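Each chain, written out:
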Amino acid sequence: MEALVIQDKTFDKKDFTQQALAKGEYENCSFTGCDFSNAGLNDIRFLECAFKGCNLSMAHLATTAFRDIQFTDCKMLGLHFENCSQFGLSFSFDNCNLSHSSFYKTKIKKTLFKNTQLKEVDFTECDLTQSVFDKCDLTDAKFENSILEKADFRSSFHYSINPEVNRIKKARFSLSGIPGLLDKYDIEIDPAG
């Protein structure tokens, strides 16, 4: 049986919680206002697709392929990106809520996170080399044995990153973010100098 291939199609306000998205390959497709919450996206390949205003919270991502995907204004709570196909895994996030999601052991270099909620996200052993965190809330996000080299955190806030257990060479931080690098020492920093 030949695999289903869908190209250049727009899906608008579809509810995939009741009727699953057909398994196959979606190339250059657009999903707007769709509901994928708790849906099974297992074994589906998304190539150069855009998701706008969608709810993907708690969707199942076993061997799901995300290659060059743009997520904008999406609710994406509790996703396990470590279950995705790691081959070519690449995406960007703009004004999304990824809280309680996991990128455990993923290699997602040069990923753009912009205006995104990343509360309690697990970045343990994640390769985020040259990634940009632009105005993101990283409250209780977990960085442990993570590669953050040349990553940009200058406009982000509420992060706690231990330089002793993460690779942060040439990562960029703002002066106001320095306390997030010193949390483990339980010291007080006086902004008045």
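For the structure, check the block above.
Source: prediction; values computed, not measured.

A.B. asks: Explanation requested: the overall build of the protein chain in the structure shown.
C.D. replies: Looking only at helices and strands, the protein chain features one helix and 11 strands. Helices (α) and strands (β) of the protein chain occur, in sequence order from the N terminus, as β-β-β-β-β-β-β-β-β-β-β-α. For the protein chain, whose C-alpha radius of gyration is 18 Å, the value lies close to the compact-globule estimate of 16 Å for 193 residues. Dimensions of the protein chain along its principal axes, counting C-alpha atoms only, are 65 × 25 × 25 Å. For the protein chain, with 193 residues in total, the buried portion stands at 45%.

A.B. asks: Explain the sheet that holds strand β5 (residues 45-47) to me, please; I cannot follow it from the model alone.
C.D. replies: The strands making up a sheet are joined through hydrogen bonds of the backbone, oriented either antiparallel or parallel. Overall, parallel pairing links the four strands, which are arranged β1-β3-β5-β7 in an open sheet. Each having just a single partner strand, β1 (5-7) and β7 (65-67) make up the two edges of the open sheet. Sheet twist, expressed as the average angle between the axes of neighbouring strands with direction ignored, equals 10 degrees. As paired elements, β5 and β7 share three bridges and run parallel to each other.

A.B. asks: Would you mind going over the sheet that holds strand β11 (residues 132-134) with me for this structure?
C.D. replies: The strand order β2-β4-β6-β8-β9-β10-β11 describes an open sheet built from seven strands, whose pairing is parallel. The open sheet terminates on both sides in strands that have one partner only, identified here as β2 (10-12) and β11. Mean inter-strand twist for the sheet, computed between neighbouring axes without regard to direction, equals 10 degrees. Where strand β8 (residues 69-72) lies against strand β9 (residues 91-94), four bridges are found, and the strand directions are parallel. When the bridges of β9 are listed, Ile69 appears paired with Phe91.

A.B. asks: Help me understand the nonpolar core in this model?
C.D. replies: Side chains of a nonpolar character, in soluble globular proteins, are inclined to be buried together. Core analysis: the biggest nonpolar cluster contains 53 residues, and Phe31 and Phe123 have the highest contact counts within it. Contributions of two or more residues to this core are made by β8 and β9. If near-sequence neighbours (up to four positions away) are discounted, Phe31 is found in contact with Phe11, Phe16, Leu21, Tyr26, Phe36, Phe46, Cys49, Ala50, Phe51, Lys52 and Cys54.

A.B. asks: I tried to follow the packing of aromatic side chains on my own but got confused; where do I start?
C.D. replies: Aromatic rings in a pair are described by how distant their centres are and how their planes are angled relative to each other. Applying the stated rule across the entire model yields 37 aromatic pairs. On the basis of an interplanar angle of 5 degrees and a centroid distance of 4.8 Å, the ring pair of Phe113 and Phe133 is categorised as stacked. Of the two residues, Phe113 sits in strand β10 (residues 112-114) while Phe133 sits in strand β11, which places them 20 residues apart along the sequence. Accessibility assignment for this pair places Phe113 and Phe133 in one class, buried.

A.B. asks: What should I look at first to understand the environment of Phe51 in this one?
C.D. replies: Along the chain, Phe51 falls in strand β6 (residues 50-52). Remark: the alpha-carbon pair of Phe51 and Cys74, spanning 23 residues in sequence, is separated by 7.3 Å. When near neighbours in sequence (up to four residues on either side) are disregarded, Phe51 contacts Phe31, Phe36, Phe46, Leu56, Ile69, Gln70, Phe71, Thr72 and Cys74.

A.B. asks: How should I be thinking about a nonpolar patch on the surface in this particular structure?
C.D. replies: Taken together, Leu175, Ile178, Tyr185, Ile187 and Ile189 make up a surface patch of nonpolar side chains, about 490 Å² in accessible area. Residue Tyr185 is classed as partly exposed on the basis of its relative accessible area of 38%.

A.B. asks: I'm lost on a negative patch on the surface in this one. Help?
C.D. replies: Taken together, the side chains of Asp183, Asp186, Glu188 and Asp190 present a region of like negative charge at the surface. Relative to the helices and strands, Asp183 resides in the segment after α1 (179-182).

A.B. asks: Please clarify how the side chain of Thr106 should be interpreted in this entry.
C.D. replies: Looking at the element boundaries, Thr106 is found in the loop between β9 and β10. On the basis of relative accessible area, Thr106 is assigned to the buried category, the value being 1%. Within the local environment of Thr106, its side chain forms a polar contact with the backbone oxygen of Phe103, the two atoms lying 2.8 Å apart. When residues no more than four places from it in sequence are discounted, the contact partners of Thr106 are Phe81, Glu82, Gln86, Leu89, Glu125, Cys126 and Asp127.

A.B. asks: I'm lost on the pattern of salt bridges in this one. Help?
C.D. replies: Pairs may arise between side chains of opposite charge once their charged atoms sit close together. For the structure shown, the criterion picks out seven salt bridges. Note that Glu149 and Arg167 form a salt bridge whose closest N and O atoms lie 3.2 Å from each other. Residue Glu149 is located in the loop between β11 and α1, and its partner Arg167 is located in the loop between β11 and α1; the two are separated by 18 residues in the primary sequence. A salt bridge links Asp152 to Arg154, with the nearest nitrogen and oxygen atoms 2.7 Å apart.

About the thresholds
- Residues numbered from 1 in each chain as written.
- Predicted model: local features only at pLDDT ≥ 70, side-chain atom pairs only at ≥ 80, totals over all residues.
- Heavy atoms only, no water.
- Helix = DSSP H or I, 4+ residues; strand = E, 2+ residues; numbered from the N terminus.
- Rg over C-alpha atoms; globule rule 2.2 N^0.38 Å.
- Buried < 20%, exposed > 50% of the residue type's maximum accessible area, 1.4 Å probe, protein only.
- Pairing = 2+ DSSP bridges.
- Axes fitted to C-alpha atoms, helices over the stretch in contact; angles between N-to-C directions.
- Core = buried A, V, L, I, M, F, W, Y, C linked by side-chain atoms within 4.5 Å.
- Contact = heavy atoms within 4.5 Å.
- Phe/Tyr/Trp six-rings, centres within 6.5 Å; stacked < 30°, edge-to-face > 60°.
- Patch = residues over 30% accessible without salt bridge, like charges linked within 9 Å, V, L, I, M, F, W, Y side chains within 5 Å.
- Areas by Shrake-Rupley, 256 points an atom, 1.4 Å probe, with all protein chains shown as cover.
- Salt bridge = Lys/Arg side-chain N within 4 Å of Asp/Glu carboxyl O.
- Lys, Arg positive; Asp, Glu negative; His and termini not counted.
- Charge placed at Lys NZ, Arg CZ, Asp CG, Glu CD.
- Polar contact = N/O pair within 3.5 Å; in protein donor to acceptor, adjacent residues only side chain to side chain.

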